[in-house]
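# Chains, contacts and geometry: an overview
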Amino acid sequence: MKLLQQGAEAKILLDEKNNLIIKDRIQKSYRHPNLDNQIRKRRTKSETKLLEKASKIINCPAPTHTANIYQIPMPFIDGKKLSEHLDSFTLEKQKEICREIGESVAKLHKNDIIHGDLTTSNMILQKEKIYFIDFGLGYISRKIEDKAVDLYLLKQALEAKHFTNWEILFNEILKSYEKILGKIESKKIFERINAVEKRGRYRH
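Notes on the structure in this doc start here. Here the structure is a predicted model, which is why all the values come from computation and not from measurement.

### Section: the nonpolar core
The nonpolar side chains of a soluble globular protein tend to be buried, and buried together. Ile 101, Phe 132, Phe 135 and Leu 151 are the most contacted members of the largest nonpolar core, which totals 42 residues. A per-element tally of this core places helix H5 (residues 166-181) first, with seven residues. Contacts of Phe 132, omitting those with residues within four sequence positions, involve Ile 58, Asn 59, Cys 60, Pro 61, Ile 101, Ser 104, Val 105, Leu 108, His 115, Leu 118, Asn 122 and Met 123.

### Re the sheet that holds strand E3 (residues 20-25)
Here we have four strands laid out as an open sheet, ordered E1-E2-E3-E4, and antiparallel in their pairing. Among the strands making up the open sheet, the edge pair consists of strand E1 (2-6) and strand E4 (71-75). When the angles between neighbouring strand axes are averaged without regard to direction, this sheet yields 25°. Relative to strand E2 (residues 10-15), E1 runs antiparallel, the two being bridged by four bridges. By the bridge assignment for E2, Leu 3 is matched with Leu 13. Sitting on the sheet, helix H1 (residues 33-54) is in contact with E3 and E4, with an inclination near 25° to E4.

Calculation rules
Residues numbered from 1 in each chain as written. Predicted model: local features only at pLDDT ≥ 70, side-chain atom pairs only at ≥ 80, totals over all residues. Heavy atoms only, no water. Core = buried A, V, L, I, M, F, W, Y, C linked by side-chain atoms within 4.5 Å. Buried < 20%, exposed > 50% of the residue type's maximum accessible area, 1.4 Å probe, protein only. Helix = DSSP H or I, 4+ residues; strand = E, 2+ residues; numbered from the N terminus. Contact = heavy atoms within 4.5 Å. Pairing = 2+ DSSP bridges. Axes fitted to C-alpha atoms, helices over the stretch in contact; angles between N-to-C directions.

Right, dumping it as structure tokens:
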């Protein structure tokens with residue numbers, strides 16, 4: 001096993017022999033062992049279910065079965081992390097990629113799946129396809145507010161990481177999002193994004 005990433009909640013391991021990524025939720029010493037086991041088990045199960053559902057709707061790795069209740073094995077997506085490569089493409093190519101992102105987010109939201117951490121760091125470009133990864137903060141919700149916050153996080157990520165063309169790119173995302181979700185539903189969500197943004201400014 002090769003350690004690819006160590007986060008606060010989990011280790012990301014590469015099983016090169018089987019070409020699998022394994023998300024391994026780590027123990028937290030500050031929690032009581034029984035409580036820690038319950039939390040890790042519940043979160044792993046929840047994320048697995050979310051990935052299973054999402055993988056039938058958009059490009060994302062479908063989990064495989066494991067005997068370890070704290071691990072999620074899934075196929076290794078061998079591609080480019082979008083956060084590191086988006087700016088290297090022509091503007092037209094960036095817009096094309098963002099249209100695909102908008103369609104995928106809309107398909108998730110149409111099925112009431114909230115990703116919870118929509119950034120280009122959690123998207124991988126492989127053979128002209130965008131794969132969404134890391135649903136660790138994801139959940140199911142029908143609320144307009146939750147869908148708006150999901151998109152607002154993506155807007156912030158573009159502004160911070162891809163600031164040169166972020167407004168153009170986010171506009172492409174919203175246009176393709178609207179095509180999938182429809183004007184009426186999208187309008188409610190877009191209006192709520194503005195409200196979420198105003199609240200953020202007020203707090204700061």
